[in-house]
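Structural overview
In case you want the letters, here they are:
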Amino acid sequence: MSTLDASRAELALLVLYLNKAEARDKICRAIQYGSKFLSDGQPGTAQNVDKSTSLARKVFRLLKFVNGLHTLISPTPQETPLPLVLLGKSKDALTSMFLFLDQFVWLSRTGVYQNKERAELIGRISLFCWTGSLVCTTLVEVGELGRLSESMMKLEKELKNSNKYENEQYQAKLKKSNERTIALVKAGIDIVVAVGLLQLAPNKVTPRVTGAFGFVSSLISCYQLLPAPVKSKTS
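**A look at the pattern of salt bridges**
For the structure on display, the rule yields 13 salt bridges. Between Glu-141 and Arg-180 there is a salt bridge, with its nearest N and O atoms 2.9 Å apart. Highlighted residues: Glu-141 in helix α6 (residues 116-158) and Arg-180 in helix α7 (residues 168-198), separated in sequence by 39 residues. Each member of the pair, Glu-141 as well as Arg-180, is classed as buried. Close ionic contact of Glu-144 with Arg-147 constitutes a salt bridge, the shortest N to O distance being 3.0 Å. Here Glu-144 and its partner Arg-147 are both found in helix α6, three residues apart, which amounts to about one turn of the helix. Its relative accessible area of 12% is what places Glu-144 among the buried residues. The exposure class assigned to Arg-147 is partly exposed, which follows from its relative accessible area of 29%. Each of Glu-22, Asp-25, Lys-26, Arg-57 and Lys-64 takes part in salt bridges that share partners, so that together they form one network.

Okay, here's the thing in structure tokens:
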């Protein structure tokens, strides 16, 4: 593959990535929390960027609660333990509720919904729903990682006379384990962000801390959405 062909392939991946509404949302999220970190809650240009980007992100999430509802009613693998199924469904329900209520916050900020006090209450309830979904996500990922670890150990015993890293089944489980570990770390970071947005610990989780954790979480989300690289063809 020539240098020009390689550049075209990389640009095609970039276009594919940026065409995703979810990817644009996470890039805006990184800008939002990066600005929150810089402003530290003080008035100025950084805070203006934080507020304007936060409002812009809500447009990307319009009607997105339908995705959560679809996942909620979708069947789960039969081998999944009941506690993990219930936690997963709870996460989907809470995420859908958060995204649904968040639309009223957007309507309030644009001036369509005039009841400011009720909008603030709805916004706070939506953040608690998001926090609950993050807690459920954390528990689900811990449980799934435990199941993966157990199955990998069993497979290692079966492959004790061969290189486990050359086994496709083991590689698939290892990849899944890495993905779930990243998701677990991200959920833990986002819980801190939620605590900061709800001001549950204002002395410890300041706007700067919230911004820093939110920025790192956004970068992880951007990484998770990266498309698979194109393999170069060799003659």
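Anyway, onward from the coordinates.
**A closer look at the packing of helix α2 (residues 21-39) against helix α3 (residues 45-60)**
The interhelical angle for the contact between α2 and α3, taken along N-to-C directions, is 160 degrees, at an axis separation of 8 Å. Judged by the angle between their axes, α2 and α3 are roughly antiparallel. At the point where α2 passes α3, the crossing takes the left-handed sense. Here Ala-21, Arg-24, Asp-25, Cys-28, Arg-29, Ile-31, Gln-32, Ser-35, Lys-36, Leu-38 and Ser-39 of α2 come into contact with α3, specifically with Ala-46, Gln-47, Val-49, Asp-50, Thr-53, Ser-54, Arg-57 and Phe-60. Taken together, the residues that form the contact of α2 with α3 break down as seven nonpolar, six polar and six charged.

**Let's talk about the packing of α3 against helix α5 (residues 82-109)**
Contact geometry for α3 and α5: axes closest at 10 Å, N-to-C directions at 130 degrees. Between α3 and α5, the interaxial angle falls into the category oblique. Considering how the two elements wind past one another, α3 and α5 form a crossing that is left-handed. When α3 is examined against α5, the residues Ser-54, Leu-55, Lys-58 and Val-59 are found in contact with a partner set consisting of Asp-102, Val-105, Trp-106 and Arg-109. Across the contact of α3 with α5, the residue classes break down as four nonpolar, one polar and three charged.

Parameters and conventions
Here the residue numbering is sequential within each chain, running from 1 through the sequence in written order. It should be noted that, the model being predicted, local features are given only for residues of pLDDT at least 70 and side-chain atom pairs only at 80 or more, the latter also being counted only at that level, while totals for whole chains, interfaces and linings use all residues. The basis for every side-chain value is the complete set of heavy atoms in the structure, and neither hydrogens nor water enter the calculation. Here, a salt bridge means any Lys or Arg side-chain nitrogen found within 4 Å of an Asp or Glu carboxyl oxygen. A run of DSSP states H or I qualifies as a helix once it reaches four residues; a run of E qualifies as a strand once it reaches two. Both are numbered from the N-terminal end. When accessible area is computed with a 1.4 Å probe and restricted to protein chains, residues below 20% of their type maximum are described as buried, those above 50% as exposed, and intermediate ones as partly exposed. The axes are straight lines fitted to the C-alpha atoms, using for helices just the contacting stretch, and the angles between their N-to-C directions are given from 0 to 180°. Any angle that is under 35 degrees is reported as roughly parallel, and any over 145 degrees as roughly antiparallel; angles of 65 to 115 degrees are reported as roughly perpendicular and all others as oblique. Helix crossings fall into two classes, left-handed where the near helix is turned counterclockwise from the far one by less than a right angle and right-handed where it is turned clockwise. The contact rule is simple, with two residues in contact once any of their heavy atoms fall within 4.5 Å. Amino acids outside the nonpolar list (Ala, Val, Leu, Ile, Met, Phe, Trp, Tyr, Cys, Pro) and the charged list (Asp, Glu, Lys, Arg) are all regarded as polar, and Gly is one of them.

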